[in-house]
Amino acid sequence: MSILDRRTDYSDMKFPTAHTVLLIIAALVAGITWFLPSGQYDRLVYDSTTNEFRISGELEKSMPATQESLDDIGIKIPLENFTEGDIWKPIGIPGTYHKTTSKPQGIVDFFQAPLKGIEESIDIILFVLILGGAIGVVHSTGAFDAGVISLSSVLKGREFLLIIIITSLIAAGGTTFGLAEETIAFYPILVPVFLAAGYDAMVAIACIYIGSSIGTMASTVNPFSVIIASDSAGINWITGIQGRVMMLFLGLSLCLWYILRYARKVKKDPSTSLIYEQKEELEERFLQKKGTESKPLTGRQKFILIVFALCFVVMIYGVSSLEWWFLEMTTVFFCGSILMGFIAKTGEKAFVKSFINGAKDLLSVALIIGVARGITILMEQGQISDTLLYQSSLAVDGMPKGLFVGMLYLVYTGLSLFISSSSGMAVLTMPIFAPLADVVGIGRELIVNAYIYGQGLFAFINPTGLILASLTVVNVGFNKWLKFIMPLVVMLAVLGMIALLVGVYF
């Protein structure tokens, strides 16, 4: 049986599937475009070939790439941030918001949006499918089952270390280079390990997803959030790093305590698991069937697992050091699966069958990624994202500095539903919100931190983000996740607010 063999979860039949949840959100967004005015900020982008700034919007023009040009249009960002490639996306120009012709999204737009989302997300979708194929090849050799048994015997009595190590390592990846989409690869591998250690699948999901989320929520050197946001705010990314490091330490400690507390309870009494009714189903999917003989790892299986692990090492190194993205990551697993097929000596037909079956198991996840992207497309076509940003800037302008930072934190949390891209959020909002810091008398680094904490906080539950795709890999309902995570989200929200207020007044 495939490690990701899907079965009906009757306990969750009253709650919609992840795909349906996203389609409901898409319908709501399409409906909003009929009532919310369309509008846009003018955008500025640097053209390195001509050494000019190009402005799109009402002011369609080009201008010399000089500091004076930036000052003239109210962008307080050093010129070198553009010329050295730190800001490569179009940024919003303060004070240029204007209403545009209303573009309500109708029935045709609604049904086309998921398809357009799949088209625009094809790089991520291809990565997920090829990854599934690689997992299918490994599983067909029996290496997963034998490896889990070996690892569980090594960790016997010290299973809690697995939670600390996995969560901390993934958080380190999140805070340094934005480890997020890549974590989809970890679920089929780590869920069996946690089940064999006596925990439930929720603990595995928590370690992977919470680790990634707290890392990105407290980004320290993440180029896709803190660095591009700082550049777009006109400050050095080092400014404010002390607060983010402290937030990372406190936030990670809180998350570890929360996961360990739940894990100990489940290990002591499995019936306390939030997904107890799925226990037999998940163990049948991810572990060896009860009654089958446990066999030690063979030399061939060890070699296969080493190659598979090296695929992750190469992927992480490439993303963090070589500026790789999905094409390169996908190539690594594609080549790795072929190499593992040769090592396994299963034959050409058996290899192709196991690869296709593995890809098929992650097809549902791939579709979720595309549908989620379709929601963003509806907002872009309806031109309501800038309207929401404009109204938000009006709401926080002129507030006392403590209240201003607190409200901006909440604004970023809300905007994350509509703008899920961290770099996209940074270049769109920082030129608009950063100058408001000068007005209320606080450092611009607090605007950057409010953006990071707010967007990171909502990532724990954001249905247009990665959580639904992650839950689908394990077949756990979104309602079960919300029941598990909401107390932690509230605690992290309070922690983030305190961290920002400390930055304002101390």
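First, a word on scope: everything that follows refers to the structure included in this document. Predicted model, so just to flag it, every value in this text is computed and none were measured.

## Structural notes on the pairing of strand β3 (residues 52-56)
Phase 1 of the analysis: Only one face of β3 is buried, namely the one carrying Phe53 and Ile55, since none of Glu52, Arg54 and Ser56 on the opposite face is buried.
Phase 2 of the analysis: Linking two consecutive strands that pair antiparallel, namely strand β2 (residues 43-47) and β3, is a turn of four residues; a positive phi of about 55° is found at Asn51 within it.
Phase 3 of the analysis: By the bridge criterion, four bridges tie β3 to strand β4 (residues 61-64) in an arrangement that is antiparallel. Across the sheet, the residue bridging to Arg54 is Ser62, located in β4.

## Here we look at the packing of aromatic side chains
Phase 1 of the analysis: Per the counting criterion, the structure on display carries 20 aromatic pairs.
Phase 2 of the analysis: Seen from their ring centres, Tyr97 and Tyr390 are 4.2 Å apart, and the 10° between their planes marks the pair as stacked. Of the two residues, Tyr97 sits in the loop between β5 (91-92) and β6 (98-99) while Tyr390 sits in helix α17 (residues 385-396), which places them 293 residues apart along the sequence.
Phase 3 of the analysis: Judged by centre distance (6.0 Å) and plane angle (70°), the rings of Phe127 and Phe333 are edge-to-face. With Phe127 in helix α5 (residues 122-140) and Phe333 in helix α14 (residues 326-344), this residue pair connects regions lying 206 residues apart in the sequence.
Phase 4 of the analysis: Overall, Phe127 belongs to the buried group, its relative accessible area being 1%.

## Points about the pattern of salt bridges
Phase 1 of the analysis: Following the criterion strictly, the structure yields eight salt bridges and no others.
Phase 2 of the analysis: The closest approach of N and O atoms between Lys279 and Glu283, which form a salt bridge, is 2.8 Å. With a gap of four residues between them, Lys279 and Glu283 both fall in helix α12 (residues 279-286), about one helical turn apart.
Phase 3 of the analysis: A relative accessible area of 33% places Lys279 in the partly exposed class.
Phase 4 of the analysis: The exposure class assigned to Glu283 is buried, which follows from its relative accessible area of 16%.
Phase 5 of the analysis: Two residues, Arg373 and Glu380, come together in a salt bridge whose shortest N-O distance is 3.7 Å.
Phase 6 of the analysis: Judged by its relative accessible area of 44%, Glu380 is partly exposed.
Phase 7 of the analysis: One connected set of salt bridges, linked through shared partners, spans Glu120, Arg373 and Glu380.

Reading guide: rules and limits
- Each residue is numbered by its place in its chain's sequence as written, counting from 1.
- Local features in a predicted model are, by the rule used here, given only for residues with pLDDT of at least 70; side-chain atom pairs are given and counted only at 80 or more, and totals for whole chains, interfaces and linings are based on all residues.
- To obtain the side-chain values, all non-hydrogen atoms of the structure were used and water was disregarded.
- Between buried and exposed lies partly exposed: a residue is buried under 20% and exposed over 50% of the maximum accessible area for its type, with that area taken using a 1.4 Å probe on protein chains only.
- Helix and strand definitions here come from DSSP, where helices need a minimum of 4 consecutive H or I residues and strands a minimum of 2 consecutive E residues; each element is numbered from the N-terminal end.
- Two strands form a pair only when DSSP identifies at least two bridges running between them.
- Paired rings are identified among Phe, Tyr and Trp, the last through its six-membered ring, by centres lying within 6.5 Å, and are further divided according to the angle between planes into stacked (under 30 degrees), edge-to-face (over 60) and tilted (the rest).
- Here, a salt bridge means any Lys or Arg side-chain nitrogen found within 4 Å of an Asp or Glu carboxyl oxygen.

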